[in-house]
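# A structural walkthrough
Listed here are the chains, written in short residue letters.
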Amino acid sequence: MIIRKVLALRGPNIWSRHTVLEAWVDLGALKDTSSAHIPGFNDRLMIWLPSMIEHRCSVGERGGFFQRLRWGTYLAHILEHTTLELQTLCGTPVGYGRARETTEEGVYKVAIRYQDETLGHACLETAHRLLMAAVFDLPFEMESELKRLRDLADRVCLGPSTNAIVDAARARNIPFRRLNSGSLVQFGQGKNQRRIWTAETDSTSAIAESIAQDKQLTKMMLAAAGIPVPEGREVESAEDAWEAAQSIPGPVVVKPVDGNHGRGVFMDLTEEHQVKSAYEEALKEGSGVIVERFASGSEHRLLIVGNKLIAAAAGDAIWVVGDGVSTIEGLIESQVNSNPRRGEDESKPLDRIRMIPLIILTLANQGYTPETVLEPGVKAIIRRNDNLSRDVTDEVHPSVAEHAILAAQIIGLDITGIDLVTEDISRPLEEQGGVIVEINAGPGLLMHLKPEVGKPRAVGEAIIDHMFPDPSDTGRIPIVSVTGTNGKTTVSRLVASIMKAAGHTVGLTCSDGVLVDGRVIDTGDCAGPRSARNVLLNPLVDAAVFEAARGGILREGLGFDKCDCAIVTNIGEGDHLGQKYIDSPRDMFKVKRTPVDVVLPSGTAVLNATDPLVVEMKELSAGSVTFFAIDPEHPVIREHRANGKRVVFVKDAHVVLCEGETETPLVTLEDLPCTHGGRVRFQLENVLAAAAAGWGLGFELPAIRNGLHSFQGNLQDAPARFNVLESSGKTIVVMDGRNTSALRAVIAALEEFPHTKRAVIYSAEEDRRDADIVHQGQMLGDSFDRVTLCEIENEVRPAGEIMQLLRSGAEGRGRVARISEISDWTQAVDAAWRELLPGELLLIQSCTIAKTVKKLQTLLGLEPAEIAA
């Protein structure tokens, strides 16, 4: 069994609305061998992964997958379940998977959901090795493999604090995206985005963070506001530390000026040697040392979010009890570290106790060492304040909460952890000598999510509500997705024009590039998910239009999770068939439906009523459906309208918006420059789709009308999308169609432009099937008097092969009088232009957009202003 390729589909895709890995699995010699026919295979697999008893599989009950194993199932299916289980055992539970055979015998596509891409890949690779070991009865170290994968999960997956915030965003339908390998996460899109880094937000002040790190400065500012803090000062040396300790009544605390996580904090010190030793250790953890009064009681952590107390936790002293045999170090392992809630990674709410200087000094102050053997029943304190693991939120006295909130405001932190020490959190601090000892930016949340005692608190929800205070605010911007076989780019540009007319700053991605508010950000084919994700990062963008091409959907999924409007222009005969196991228009339906699958309930799907496969998609939209067609009497239009639904069509030389019986003329065909007065039928269909989208987005009719009218369809607005240029009585039409459906539509449109003869410069893309290229040649031979064949961007096929296939189709057809071959596109254009006579028409299939525009400028002597005319 060989894994040929693995694709990470990072957005909604042909399998699922969620992220999946798509593995192309070649079963090779095992293609006809089921699990029931491999001696010992099932037993080995069930021993190694007994927890797969929980997989219900198609049987629909616990143990269902094991039943399938016994009955006999294929290895691709088993690979799916094994990879899912390994991810679950690593703390990222996932349950969706599919395995489907392709048209190539023995080759399967296996889709496996993942939460973290790196971990998902690692689990897939491990699952592959595990199955091969099970097939060939080889040893497999299951425990060591699981440990390796769990260690990887600990390194690469989001921690529990960040995950809690992400889960809260998900519950509110707020889109999120991890921006780096750490905990930087974006919520929302474009102009409405917010960002966090664990428990710090994009509103967290850097100045406030710096203040909080300086404990002495923090104490000074809090004391000035009347908040109880321990008296003390920063010291310069061990001797100075002892001098400061002597000036403070009672025991003292020695700690770093700018330490964190309790490192280097030594408490309840009374002797000179204790203070001086603590000074030396504390200095290792920070840039300076503070000596201050020791406050008796338990340490507490109060979480303040947006000037509200959200949660409070208390920590208690931890000790061991002697047995007369074990050393203190041994007792720590048997009585403390054996607690399953303790561990080294962030998923554990309690830390393992390690023999650090703080612990050693705490023991020394009691007259013990790590090697001391305690008498039976004798207790030794290990840490005076262990992990904060007891929830006390409901016990916090109102005045204590007020002090904590004021402290956060004084320092200037929107999210902060307030550390205070007091005997009783339910009483005012002043009554019992309680003090605030530290302010923490970016506080950990795990103690509040998984307390050892008490109930968990909704801290993630509190942070999300702080960032998005309006409950209806999802941080989304209006997104329109445009897909189909032909017309995608033009429709995308038309919708962007409407959005701009409605007052939006629009981000547009299409096969011509990326534009933000009309400014070119990138050039080339940018109709994929990466370009869409880049636009959603842009804080200027408040509306977006994304062309969703077949290649990007198959390669990586969509670049967004949901959209307000999904437009499907057509499927027709399909395009790029025979690639990636997409072999028919029905297969292409599965690709082009993807944006429709993720239309928001408040959104709409805009569908071509004349394409039967597109019409089928009406059942897939969670929102409404608007059909468009030129003919108002088309059966789909009539039925949808009869049901009181929205349709868009042409009537009495107007584009008409219709809902049930109500017809609203929007714009006359004469006012649509890109349709050349309605003569170019496919452009008119593009206009209908864009108008339906603007209507669905709730734009005012004047904005929709202005957006359509201002779209000129020239070399600037829609380069190579049926641009008509005239010079010296000659007509040039420039188009970018590369498939039979597009060519057929262009040929039909040419009939609306008077001419005596017509010529064409044409090439086919290298990734089309031979039969499709020959068919295009036949259409050329039937429709043009002179055919000049060339090659554009051919890097795969042998030189001249495309021209020969086109020629084989064109030769002997009804109209063509001459077929020429000039492989270089530029030379072909020059030759055809020289030969073109007044009254004749030349159709030029474009090269790259930039090259095409530049060539036409040179050929016709056009100025930039004329390009836009």
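Above: the structure in question.
A short tour of the structure in this document, coming up.

About the cut-offs
Residues numbered from 1 in each chain as written. Predicted model: local features only at pLDDT ≥ 70, side-chain atom pairs only at ≥ 80, totals over all residues. Heavy atoms only, no water. Helix = DSSP H or I, 4+ residues; strand = E, 2+ residues; numbered from the N terminus. Buried < 20%, exposed > 50% of the residue type's maximum accessible area, 1.4 Å probe, protein only. Contact = heavy atoms within 4.5 Å. Lys, Arg positive; Asp, Glu negative; His and termini not counted. Charge placed at Lys NZ, Arg CZ, Asp CG, Glu CD. Polar contact = N/O pair within 3.5 Å; in protein donor to acceptor, adjacent residues only side chain to side chain. 1 Å grid on protein atoms, 1.4 Å probe; cavity = no way out; pocket = protein on both sides within 12 Å on 5 of 7 lines; lining within 4 Å. Points joined across faces, edges and corners; volume = space filled by probe spheres on them. Nonpolar A, V, L, I, M, F, W, Y, C, P; charged D, E, K, R; others polar. Salt bridge = Lys/Arg side-chain N within 4 Å of Asp/Glu carboxyl O. Core = buried A, V, L, I, M, F, W, Y, C linked by side-chain atoms within 4.5 Å. Pairing = 2+ DSSP bridges. Axes fitted to C-alpha atoms, helices over the stretch in contact; angles between N-to-C directions. Phe/Tyr/Trp six-rings, centres within 6.5 Å; stacked < 30°, edge-to-face > 60°. Disulfide = S-S within 2.5 Å. Parallel < 35°, antiparallel > 145°, perpendicular 65-115°, else oblique. Left-handed = near helix turned anticlockwise from the far one by under 90°. Expected span 1.5 Å × (residues − 1).

## Points about the overall build of the protein
Along the protein, the regular secondary structure elements total 30 helices and 38 strands. When burial is assessed residue by residue, the protein has 56% of its 869 residues classed as buried. Contacts in the protein between residues far apart in sequence, at least 24 positions, make up 66% of those at least 6 positions apart. One way to put it: in the protein the 91 positive side-chain charges average out to a point 5 Å from where the 119 negative ones average out.

## Quick look at the side chain of His81
By the secondary structure assignment, His81 is in helix H3 (residues 75-89). We classify His81 as buried; its relative accessible area is 6%. A polar contact of 2.9 Å, which involves the side chain of His81, links it to the side chain of His55. His81 has contacts with Met52, His55, Cys57 and Phe65, leaving out every residue within four places of it along the chain.

## Quick word on empty space enclosed by the protein
Unoccupied space between atoms shows up once a probe the size of one water molecule is rolled over them. This structure, assessed with the given rule, holds three cavities of 30 Å³ or more. Forming the boundary of the largest cavity are 14 residues, of which Ala527, Gly528, Pro529, Ala548 and Gly559 lie nearest the centre. Elements represented by at least two residues in the lining of the largest cavity include exactly helix H17 (529-537), strand S26 (543-547) and helix H18 (550-556). Across the lining of the largest cavity, the residue classes break down as nine nonpolar, four polar and one charged. For the second largest cavity, the calculated volume is near 40 Å³. In terms of lining, the second largest cavity is formed by Ala212, Lys215, Thr218, Lys219, Leu222, Val229, Ile436, Val437, Glu438 and Ile439.

## Digging into the pattern of salt bridges
Taken as a whole and judged by the stated rule, the model has 60 salt bridges. Of the charged contacts, one joins Asp240 and Arg233 as a salt bridge, the two residues approaching to 2.7 Å between their closest N and O atoms. With a shortest N-O distance of 2.8 Å, Asp512 and Arg721 are connected by a salt bridge. Of this pair, Asp512 sits in the loop between strand S23 (506-510) and strand S24 (513-516) while Arg721 sits in strand S33 (residues 721-727), and the two are 209 residues apart along the sequence.

## Quick look at the nonpolar core
Core analysis: the largest hydrophobic core is formed by 46 residues, its most contacted members being Phe41 and Leu75. Elements supplying a minimum of two residues to this core: strand S2 (20-26), helix H1 (41-48), helix H2 (64-71), H3, strand S4 (107-113), helix H4 (117-135) and helix H5 (142-156). A per-element tally of this core places H4 first, with 11 residues. Residues contacting Leu75, with those up to four places away along its chain left out, are Met1, Leu27, Leu30, Phe41, Leu131, Met132 and Val135. Core analysis: the next-biggest nonpolar cluster, separate from the first, contains 44 residues, Leu554, Ala566, Phe589 and Val625 among them.

## Section: the sheet that holds strand S8 (residues 200-201)
Here four strands make up an open sheet; going across it, the order is S5-S6-S7-S8 and the pairing antiparallel. Edge positions in the sheet fall to strand S5 (176-178) and S8, since each of these pairs with one other strand and no more. Here S5 pairs with strand S6 (residues 184-187) via three bridges, running antiparallel. Bridging from a neighbouring strand, Arg178 pairs with Val185 of S6. Helix H6 (residues 160-171) contacts S5, S6 and strand S7 (194-197) of the sheet and is inclined by roughly 10 degrees relative to S6.

## With respect to unusual backbone geometry
For His576, which is not glycine, the phi torsion reads 55 degrees and is therefore positive. Among the secondary structure elements, His576 is positioned in the loop between strand S27 (563-568) and helix H19 (585-592).

## Quick word on the packing of aromatic side chains
Taken as a whole and judged by the stated rule, the model has seven aromatic pairs. With a centroid separation of 5.2 Å and an interplanar angle of 65 degrees, the aromatic rings of Trp24 and Tyr581 are classed as edge-to-face. Here Trp24, found in strand S2, pairs with Tyr581, found in the loop between S27 and H19; they are 557 residues apart in sequence, far enough to count as distant. Side by side, Trp24 and Tyr581 carry an identical accessibility label, which is buried.

## Comments concerning the state of the cysteines
Within this structure, the stated rule accounts for zero disulfides. Between Cys123, a cysteine without a disulfide, and Cys90, which holds the nearest cysteine sulfur, the sulfur-to-sulfur distance is 4.5 Å. Residue class for Cys123 comes out buried when judged on its relative accessible area of 0%. The closest cysteine sulfur to the non-disulfide-bonded Cys674 is located on Cys510, 15 Å from its own sulfur. Cys674 sits in the buried class, given a relative accessible area of 1%.

## So, the side chain of Lys215
Structurally, the position occupied by Lys215 is in helix H8 (residues 215-224). The exposure class assigned to Lys215 is buried, which follows from its relative accessible area of 5%.

## Focus: the packing of helix H16 (residues 488-501) against helix H23 (residues 681-696)
Packing of H16 against H23 leaves a shortest axis separation of 9 Å and a crossing angle of 40 degrees. The orientation of H16 with respect to H23, classified from their angle, is oblique. As for how H16 packs across H23, the hand of that crossing is right-handed. The residues of H23 that touch H16, namely those facing Thr490, Val491, Leu494, Val495 and Ile498, are Gln683, Asn686, Val687, Ala689, Ala690, Ala691, Ala693 and Gly694. Looking at the contact of H16 with H23 residue by residue, the class counts come to nine nonpolar, four polar and no charged.

## Things to note about H2
Every buried residue of H2 is listed here: Gly64, Phe65, Phe66, Arg68 and Leu69. On its buried face, H2 sits against H1 and H3. Remark: Gly72 follows H2 within two positions and exhibits a positive phi of approximately 110 degrees.

## Quick look at H6
Helix length check: H6 (12 residues) gives 16 Å between terminal C-alpha atoms against 16 Å at 1.5 Å per residue, within 8%. Among the residues of H6, those classed as buried are Ser161, Thr162, Ala164, Ile165, Val166, Ala168 and Ala169. In this fold, the buried residues of H6 make contact with S5, S6, S7, helix H14 (446-449) and helix H15 (459-467). Looking at the residues trailing H6, positive phi occurs at Asn173, about 65 degrees.

## Overview of the pairing of S23
Of all five residues in S23, five are buried; the element is thus mostly enclosed. Neither face of S23 is left uncovered, since the one carrying Val506, Leu508 and Cys510 and the one carrying Gly507 and Thr509 both have all their residues buried. In this sheet, S26 lies alongside S23 in parallel orientation, the contact comprising four bridges. Bridge pairing in S26 places Val506 opposite Ala543. Strand direction decides the pairing type here: S23 and S24, joined by four bridges, are antiparallel. Residue pairing in the sheet places Thr509 in a bridge with Val514 of S24. Between S23 and S24, which pair antiparallel in sequence order, lie two residues.

## Brief notes about the sheet that holds strand S21 (residues 435-441)
The sheet built from five strands is open, its strands ordered S19-S14-S13-S20-S21 with antiparallel pairing. Each end of this open sheet is capped by a strand with a single partner; those strands are strand S19 (390-391) and S21. Judged from the six bridges that link them, strand S13 (residues 298-305) and strand S14 (residues 309-315) form a sheet pairing that is antiparallel. Residue pairing in the sheet places Ile304 in a bridge with Leu309 of S14. The sheet strands contacting H15 are S13, S14 and strand S20 (415-422), and the helix crosses S13 at an angle near 35 degrees.

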